[in-house]
Amino acid sequence: DAKTTQPNSMESNEEEPVHLPCNHSTISGTDYIHWYRQLPSQGPEYVIHGLTSNVNNRMASLAIAEDRKSSTLILHRATLRDAAVYYCILRDEGAQKLVFGQGTRLTINP
Amino acid sequence: EAQVTQNPRYLITVTGKKLTVTCSQNMNHEYMSWYRQDPGLGLRQIYYSMNVEVTDKGDVPEGYKVSRKEKRNFPLILESPSPNQTSLYFCASSLHPGSRNQPQHFGDGTRLSIL
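Here's a quick rundown of the structure. Numbering of residues starts from 1 in each chain and follows the order in which that chain's sequence is written. The order in which chains are written sets their letters, starting at A; the order in which ligands are written sets their numbers, starting at 1. Where totals are concerned, whole chains, interfaces and linings use all residues; where local detail is concerned, this predicted model gives features only for residues with pLDDT of at least 70, and gives and counts side-chain atom pairs only at 80 or more. Remark: hydrogens and water are excluded; side-chain values derive from all non-hydrogen atoms of the structure.

### A few points about the overall build of chain A
Keep this limit in mind: Where helices and strands are cited, they refer to DSSP runs of H or I of at least four residues and of E of at least two residues respectively, numbered from the N terminus. Using C-alpha atoms as the atom set, the radius of gyration is obtained and then compared with a globule rule of 2.2 Å times the number of residues to the power 0.38. For every residue, the accessible area (1.4 Å probe, protein chains only) is compared with the maximum for its type, and the residue is labelled buried under 20%, exposed over 50%, or partly exposed between those bounds. With residues, only the protein chains shown are counted as cover, and all accessible areas are computed by Shrake-Rupley using a 1.4 Å probe. The positive count covers Lys and Arg only, the negative count covers Asp and Glu only, and His and the chain ends enter neither. Where a charge sits is defined by one atom per residue type, namely NZ (Lys), CZ (Arg), CG (Asp) or CD (Glu).
Scanning chain A from terminus to terminus reveals 0 helices and 9 strands. Here chain A has a C-alpha radius of gyration of 13 Å; the compact-globule value for 110 residues is 13 Å, and the two agree. Overall size of chain A, expressed as C-alpha extent along the three principal axes, is 40 × 30 × 25 Å. Out of the 110 residues in chain A, the part that is buried amounts to 45%. As presented, chain A carries roughly 5,600 Å² of accessible surface, and 45% of it is formed by carbon and sulfur atoms. Across chain A, the centroid of the 10 positively charged side chains sits 4 Å from that of the 12 negatively charged ones.

### Brief notes about the state of the cysteines
Residues and elements named next belong to chain A. For clarity, the cut-off: Whenever a pair of cysteine sulfur atoms sits within 2.5 Å, that pair is classed as a disulfide.
Under the defined criterion, the tally for this structure stands at 2 disulfides over all chains. Disulfide pairing is shown between Cys22 and Cys88; the S-S distance is 2.1 Å. On the sign convention where negative is left-handed, the bridge of Cys22 and Cys88, at about -85 degrees about the S-S bond, is left-handed. Here Cys22 is found in strand S2 (residues 18-23), whereas its partner Cys88 is found in strand S8 (residues 84-91), with 66 residues between them in sequence. The two residues Cys22 and Cys88 agree in class, both being buried.

### Digging into the packing of aromatic side chains
The line we're drawing: Pairing of aromatic side chains here covers Phe, Tyr and the six-membered ring of Trp, requires ring centres within 6.5 Å, and sorts the geometry by plane angle: under 30 degrees stacked, over 60 edge-to-face, intermediate tilted.
Summed over the entire model, instances satisfying the criterion amount to 9 aromatic pairs over all chains. On the numbers, 6.2 Å between centres and 85 degrees between planes, the contact of Tyr36 of chain A with Phe106 of chain B is edge-to-face. One end of the pair, Tyr36 of chain A, is in strand S3 (residues 32-38); the other, Phe106 of chain B, is in strand S10 (residues 105-106), on a second chain. Accessibility expressed as a relative area gives 0% for Tyr36 of chain A, which makes it buried. Note on Tyr35 of chain B and Phe106 of chain B: the rings are 5.6 Å apart at their centroids and 40 degrees apart in plane angle, and the pair reads as tilted.

### Notes on the interface of chain B and chain A
Going by this rule: Contacts: residue pairs with any heavy atoms within 4.5 Å of one another. Defined here as a combined quantity, buried area equals the accessible surface (1.4 Å probe) lost by two parts on assembly, summed across both. Salt bridge, as used here, is a side-chain nitrogen of Lys or Arg placed within 4 Å of a carboxyl oxygen of Asp or Glu. Gly is placed with the polar residues, together with every amino acid not listed as nonpolar (Ala, Val, Leu, Ile, Met, Phe, Trp, Tyr, Cys and Pro) or charged (Asp, Glu, Lys and Arg).
Facing 23 residues of chain B, the contacting portion of chain A comprises 22 residues. Roughly 1,900 Å² of surface becomes buried between chain B and chain A when both sides are summed, with 46% attributable to carbon and sulfur atoms. Seen at the junction of chain B and chain A, the total is 1 salt bridge. The shortest N-O distance in the salt bridge between Lys97 of chain A and Asp59 of chain B comes to 2.5 Å. It is strand S5 (residues 42-51) of chain B that contributes the most residues to the side of chain B that touches chain A, 5 residues altogether. Split by residue class, the side of chain B that touches chain A holds 9 nonpolar, 10 polar and 4 charged.

### Points about the nonpolar core
Short version of the rule: We call a set of buried Ala, Val, Leu, Ile, Met, Phe, Trp, Tyr and Cys residues a nonpolar core when their side-chain atoms join them within 4.5 Å.
Counting 21 residues, the largest nonpolar core has Trp35, Leu73 and Tyr86 of chain A as the members making the most contacts within it. Of all the secondary structure elements, the ones that give two or more residues to this core are S2, S3, strand S4 (45-50), strand S6 (61-64), strand S7 (70-75), S8 and strand S9 (104-109) of chain A. The leading source of residues in this core is S8 of chain A, at 4 residues. If we ignore the near neighbours within four places in the chain, the residues touching Tyr86 of chain A are Gln6, Leu20, Trp35, Tyr36, Arg37, Leu73, Leu75, Gly103, Thr104 and Leu106 of chain A. Counting 19 residues, the second largest nonpolar core, distinct from the first, contains Cys23, Trp34, Tyr64 and Val66 of chain B.

### Some points on a nonpolar patch on the surface
Stated formally: Patch membership needs two things, relative accessible area over 30% and no salt bridge, and members are linked within 9 Å if like-charged or within 5 Å if nonpolar (Val, Leu, Ile, Met, Phe, Trp, Tyr).
A contiguous nonpolar surface patch, about 330 Å² in accessible area, is contributed by Ile12, Val14 and Leu115 of chain B. As for its placement among the helices and strands, Leu115 of chain B is situated in the segment after strand S11 (110-114).

Structure below.
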């Protein structure tokens, strides 16, 4: 599995945008980029995924660099409920499991 | 509501006393999996199932058994629990196994303490 690198922790303020970076310099051409988050005392929760183009859904946006060696998860207006550990995961065809790294612990200040 | 349900949510038990953690999903998913989460080690896969009657070992299968007799259920069995199996366990499911495009849905977790 290709490796991802994320900052251990980030901090932001409520109602401000948050940009969570992820480096994946060894990504292959067929790997999808997935983001999950884990809120305190809960299981991981799917956030968004993409291949090449930027993606938007009701939870977040995913910006993928043109060379695909990095991506950024964007929370447009953070709330206290967005405080969680965010995981960036690469998935290739046939990969049945998710390989979780240490993720980024996001703290949101009121 | 589409969900993965695990029971129990919390369990404290003693070494050697067989236990089963149940997992059920209502999304007609083919794929189901068990992970354990430990501090500093992240989430690691224990067992997975591509479909009914098809199960396989993940990265840390020692001391665990599973079965997949019906699509919706995937119980995790600890025949003789030991203290090193004290952990937080998550069950997950997805529509198709091995698809890069399918999200996995997780249960809320089962916290096991083996004394």
